[in-house]
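Summary of structural features
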Amino acid sequence: MLERFPVTQYINEDGELIKQEVQEELSLDLVKMFYEKMLRARMMDKKCVNLQRQGKIGTYVQYEGQEAAQVGSALAIEEGDWMFPSYRDHAATMTFGHSLRNLLLYWVGRIEGGIPPEGKNIFPPAVPIASQLLHATGVAWAEKKKNTDRVSLVYFGDGATSEGDFHEGLNFASVFKAPVVFLNQNNGYAISVPTEKQMNSKTIAQKGLGYDIPSIRIDGNDILAVFIETKKAVDRARRGEGPTLIEAVTWRYGAHTTADDPSKYRDQSESDRRRTTTDPLLRLEKYMKNENSWDEEWLASMEQKITNEINTAISEMKDYPKADIDQVFSHVFEKPTWTIEQQREHHMSIKRGKV
Amino acid sequence: MTTAVQVKKLTMVQAVTDAMRTMLEEDESVLVLGEDVGQNGGVFRATDGLFEQFGEERVIDTPLAESGIVGTSIGLAVNGFRPIAEMQFLGFIYPAFNQLMTHATRMRQRSMGRYTVPMVIRAPYGAGVKAPEIHSDSVEALFTHIPGLKVVIPSNAYDAKGLLIASIEDPDPVLFLEPMRCYRSSRTEVPDEKYSIELGKASYVKEGSDVTVMTWGAMVPDTVKAVEKFEKEHNATCDVIDLRTLYPLDKDTIAESVKKTGRVVIIHEAPSAGGVNGDIISVINDTSFFYLKAPIQKVTGFDTPVPVYSLEQEYLPSSEKIISALNTTLSY
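What you see is a predicted model; the values in this text were computed from it and never measured.

Bringing the overall build of chain A into the picture now. In terms of regular secondary structure, chain A is built from 13 helices and nine strands. Computed over C-alpha atoms, the radius of gyration of chain A comes to 21 Å, within 12% of the 20 Å expected from 2.2 N^0.38 for 355 residues, which places it in the range of a compact globule. When its C-alpha atoms are laid out on the principal axes, chain A stretches across 70 × 50 × 40 Å. Looking at chain A residue by residue over its 355 residues, the buried ones come to 59%.

Taken as a whole, this structure holds 43 salt bridges over all chains when the rule is applied. Here Arg42(A) makes a salt bridge to Glu64(A), at a shortest N to O gap of 3.8 Å. A residue pair is termed long-range when its members are at least 10 positions apart, and Arg42(A) in helix H1 (residues 28-53) and Glu64(A) in the loop between H1 and helix H2 (67-74) qualify at 22 residues. The same class applies to Arg42(A) as to Glu64(A), namely buried. The partner of Lys150(B) in a salt bridge is Asp170(B), and the shortest N-O contact between them spans 2.9 Å. With Lys150(B) in strand E6 (residues 150-152) and Asp170(B) in the loop between helix H7 (157-169) and strand E7 (174-179), this residue pair connects regions lying 20 residues apart in the sequence. Just as Lys150(B) is buried, Asp170(B) falls in that class too. Counted as one network, the salt bridges with shared partners bring together Arg42(A), Lys46(A), Glu64(A), Glu67(A), Arg275(A) and Asp279(A).

The next subject is a negative patch on the surface. Residues and elements named next belong to chain A. A surface patch of negative charge is lined by Asp295, Glu296, Glu297 and Glu303. By the element assignment, Glu297 lies in helix H11 (residues 296-319). A relative accessible area of 67% means that Glu297 is categorised as exposed.

It is a general feature of regular strands that their side chains alternate between the two faces of the sheet. Residues and elements named next belong to chain B. Buried residues dominate strand E5 (residues 120-125), accounting for six of its six residues. Residues Val120, Arg122 and Pro124 of E5 are buried on one face, and the alternating residues Ile121, Ala123 and Tyr125, pointing to the opposite face, are buried as well. Pairing analysis gives three bridges linking strand E4 (residues 82-86) to E5, with the strands arranged parallel. What sits directly across from Glu86, in E5, is Arg122. As judged from the six bridges shared by E5 and E7, these two strands associate in the parallel manner. Pairing of Ala123 across the sheet is with Leu177, part of E7.

Turning our attention to the interface of chain B and chain A. Contact with chain B, which involves 45 residues of that partner, is made by 46 residues of chain A. In total, about 3700 Å² of surface goes out of reach between chain B and chain A, with carbon and sulfur atoms giving 65% of it. Contact with chain A buries surface across chain B, with Asn79(B), Arg110(B) and Met112(B) losing the most and accounting together for 18% of the total. Applying the counting criterion to the chain B and chain A interface returns two salt bridges.

Here the focus is the environment of Asn184(A). Residues and elements named next belong to chain A. Residue position: Asn184 is located in strand E5 (residues 180-186). Classification of Asn184 by relative accessible area gives buried; the value is 0%. For Asn184, the residues in contact, after removing those within four places along its chain, are Phe156, Gly157, Asp158, Thr161, Ile204, Ile246, Glu247 and Ala248. Among the polar contacts listed, one links the side chain of Asn184 to the backbone nitrogen of Asn186, at a separation of 3.4 Å.

Let us look at the packing of aromatic side chains. Under the criterion given, the structure shown has 24 aromatic pairs over all chains. Here the aromatic rings of Tyr189(A) and Tyr265(A) are separated by 5.9 Å at their centres, their planes lie at 40°, and the arrangement is tilted. Residue Tyr189(A) is located in strand E6 (residues 189-190), and its partner Tyr265(A) is located in the loop between strand E9 (244-249) and helix H9 (269-275); the two are separated by 76 residues in the primary sequence. An identical accessibility class is assigned to Tyr189(A) and Tyr265(A); each is buried. An aromatic cluster of at least three residues, connected via ring pairs, comprises Trp82(A), Phe84(A), Phe123(A) and Tyr115(B). Above the plane of the ring of Tyr10(A) lies Lys19(A), whose end atom (NZ or CZ) is 5.5 Å from the centre. Positioned over the ring face of Phe96(A) is Lys120(A), at 5.9 Å from the centre of the ring.

Residue and element names in this part refer to chain B. Relative to each other, helix H1 (residues 12-26) and H7 sit at 35°, their axes nearing to 8 Å. Both H1 and H7 take part in a crossing whose hand is right-handed. On the side of H1, the interface is formed by Met12, Ala15, Val16, Asp18, Ala19, Met20, Thr22, Met23 and Glu26, while H7 contributes Ala157, Ala160, Lys161, Leu164, Ile165, Ile168 and Glu169. Across the contact of H1 with H7, the residue classes break down as 11 nonpolar, one polar and four charged.

Reading the values: rules and limits
- Residues numbered from 1 in each chain as written.
- Chains lettered and ligands numbered in written order.
- Predicted model: local features only at pLDDT ≥ 70, side-chain atom pairs only at ≥ 80, totals over all residues.
- Heavy atoms only, no water.
- Helix = DSSP H or I, 4+ residues; strand = E, 2+ residues; numbered from the N terminus.
- Rg over C-alpha atoms; globule rule 2.2 N^0.38 Å.
- Buried < 20%, exposed > 50% of the residue type's maximum accessible area, 1.4 Å probe, protein only.
- Salt bridge = Lys/Arg side-chain N within 4 Å of Asp/Glu carboxyl O.
- Patch = residues over 30% accessible without salt bridge, like charges linked within 9 Å, V, L, I, M, F, W, Y side chains within 5 Å.
- Areas by Shrake-Rupley, 256 points an atom, 1.4 Å probe, with all protein chains shown as cover.
- Lys, Arg positive; Asp, Glu negative; His and termini not counted.
- Charge placed at Lys NZ, Arg CZ, Asp CG, Glu CD.
- Pairing = 2+ DSSP bridges.
- Contact = heavy atoms within 4.5 Å.
- Buried area = accessible area lost by both parts, 1.4 Å probe.
- Polar contact = N/O pair within 3.5 Å; in protein donor to acceptor, adjacent residues only side chain to side chain.
- Phe/Tyr/Trp six-rings, centres within 6.5 Å; stacked < 30°, edge-to-face > 60°.
- Lys NZ or Arg CZ within 6 Å of the ring centre and 35° of its normal.
- Axes fitted to C-alpha atoms, helices over the stretch in contact; angles between N-to-C directions.
- Left-handed = near helix turned anticlockwise from the far one by under 90°.
- Nonpolar A, V, L, I, M, F, W, Y, C, P; charged D, E, K, R; others polar.

This is how it looks when you write it as C-alpha cells:
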C-alpha cells in the first residue's frame, strides 16, 4: 500500500521544487502569501499557548507543525464553500476568515467563539471525534440537491479514522456523490496512541479504496502539495464527480493539548529534529533562499504586522462584553419551552435577590 | 357556502404516511430518508407510495447506518432542507445517540441561532407485537433528558397526522415515536386536508372526576379499557389523559386535572427508574401537590430489558395492575 499511495511532494525538505510542471504558476507572490498565512497561524498558536500558561485562556489545543496542512487546504476553497473543523483546526478556520478575536473567545469558554463572521460558512469546531464528517457530507449533499457548485471541506485526525462516523461519512458521500473533500491530518498520534497502534493499515489514504473514493497521500508539511492537491479535489467535487480523501502526513510538535504531557508517550527529541528537517515554514524559507528571494526585512515587517493583529485581537477579547446567562436560555429552541422559561425566571430572581 | 371536509378512516400508520405525503407535497424542502423507506415503503409500510410519488431525490434509501442517517440529516437540515429520518426501530437508534446528543440538539445554541436543525426522527417502538429482542425497547426517557429535543408520541391516527405535521414544521429537532401496537389496531377519522396539533399539548381521552390517569402511546387504548372496567365496578369516574408530548410536558392540563380529582395514576410501559413518570410527578409537585388526596400511583414496565416476546405480556402493564393501582388510590 505504501507503493500504491506514495507521499506526493512538490517542494522537498531542501526547498527544491521537484514538480517542475507547476513552476510557471508558482509566483513569488504566491509563495510569500503561503508563508505569511502560515507564519500568522504559527504566531497565533504560540501566543495562545503562552496565554494559557499565563492563565488568561483555558485549556488550548495547539497545532504547531500542521500549518501547511491546514493553511494550504483552507486556501483551496472559496467564499460560499463550507468548512468543518475539529478542535485543532484554527489555522484552517482563521485562514478561511474566522476572526482571531472569536478564536480566542472560544478558548475562554464563550459561545461566540464558535461563530464565524457573517457570510463565512464555518461550523463550530466538532469535539466528538469524526462526527463532523457526516455534517460535511449532509451539507454537501444539500448543495448538490440545490444544484450549486459549493463544496464541503472537513478536517479530522488519524484517530478519527477508527470511528464509525469516519466510515459512515465516506460511505454516504460515496453513495450520494456528495461534493466533499475529506482532509485527514495524520500527525502520528491520537493523544498518546501512535498510528501503528491505531490501525494495522499502512496508510489512511487506502481506506478510501473500500468506498471507491479517489484518495491520495501527500506531504502535509509541503504547503504547495496540500494546496494543489486539495484544489484538484475541490474542483472534482465542483464538477459533480464526488468526494476525495486526502491524507496529509504531518506532525504536531507539541502536546495534544496544553493539559497533556507528550514526554510520557513519545520521544520529544523527534519534534526538535523535525523543526530542522520537515518544518513547513522552514521548507518555504529554504525554497525562497534557493530562489534568492528570501528577505529578512520582509519577514520582520510581517512579524510586526501579525503581532499587531494578534495584540488587537487579544485586546478585543479582553474588552468583550461579559457573558450573558440569557444566551444559555435563549438558543436551545427557537422558542424556549416552559421548563426553560421557568428555570430562567427562577435563576434570575435568585440572582437579583443576591445583588 | 362551506366546503365539506373530506374524512377517511385510517390506521395510525396510514395517517403517518398521509402526514408525510401532505408535507412532501406542500414543501419542496421536506425529504424522507432512512433504510428501506424508498422502493420498499418502509418495514411497516409507513412510507408506502411516497417513493413512487416523489422519486428517489425526495424519498431516499440510505445505507444501513443510523449515525450516518442522523448525522447527514443534520447537514441537510442546516443547509435548507427538512429531513424526516426514519429509524427502523427505536431500539436501533443507539448508534445515532452521539449525533443527537452532541450535535443535532446543540447546534442552535453553539451557533447562537446561525445554524438550526429542523429535522424529525421517526421511530417505531414498544412491546407487544412479538418482535425480536431489542426491537421492542421503550426508552423515551433517554431522549426527554436531552436538552434541545422534543419528544412526541401519538396514540391514534388523527393525532399521528396532526402531531407529525407539527413536528415537521417545528424549527428544532423532534423525536417522533410511533407505538407499533397502535399502527394497525384501530382506525380513526382523519381529514384529508392539512392540520396540525400543537406540540406540548396533552388531550383528554375521556373525562371524569375521581382519578387522573395519565399515559401515552400504546398504553392509551389499554388504559381506557382497564379504566372502563374499573368505572363499572366502582362508583367512580376517571380523567384519562394522553400526554402526546413527553418533552415539554403539558403542565397546565396535568395541573388542571389533578386539582379536580386529587388522585393520580401514571401508566407507562417503559422501565420506571429515571422514567417520564418522575417528570410528571415533579410537575404535580410544583403545580398541584396540595390537592392530592392520595399518594401518586404508577404502573410501569420493569427495570429490566424488555423481555423477548414469550414474556413480553408479563412485562407490559396489565389491566389487572392498572385496576389495582386505581383501587389503591381510591381507597385512601
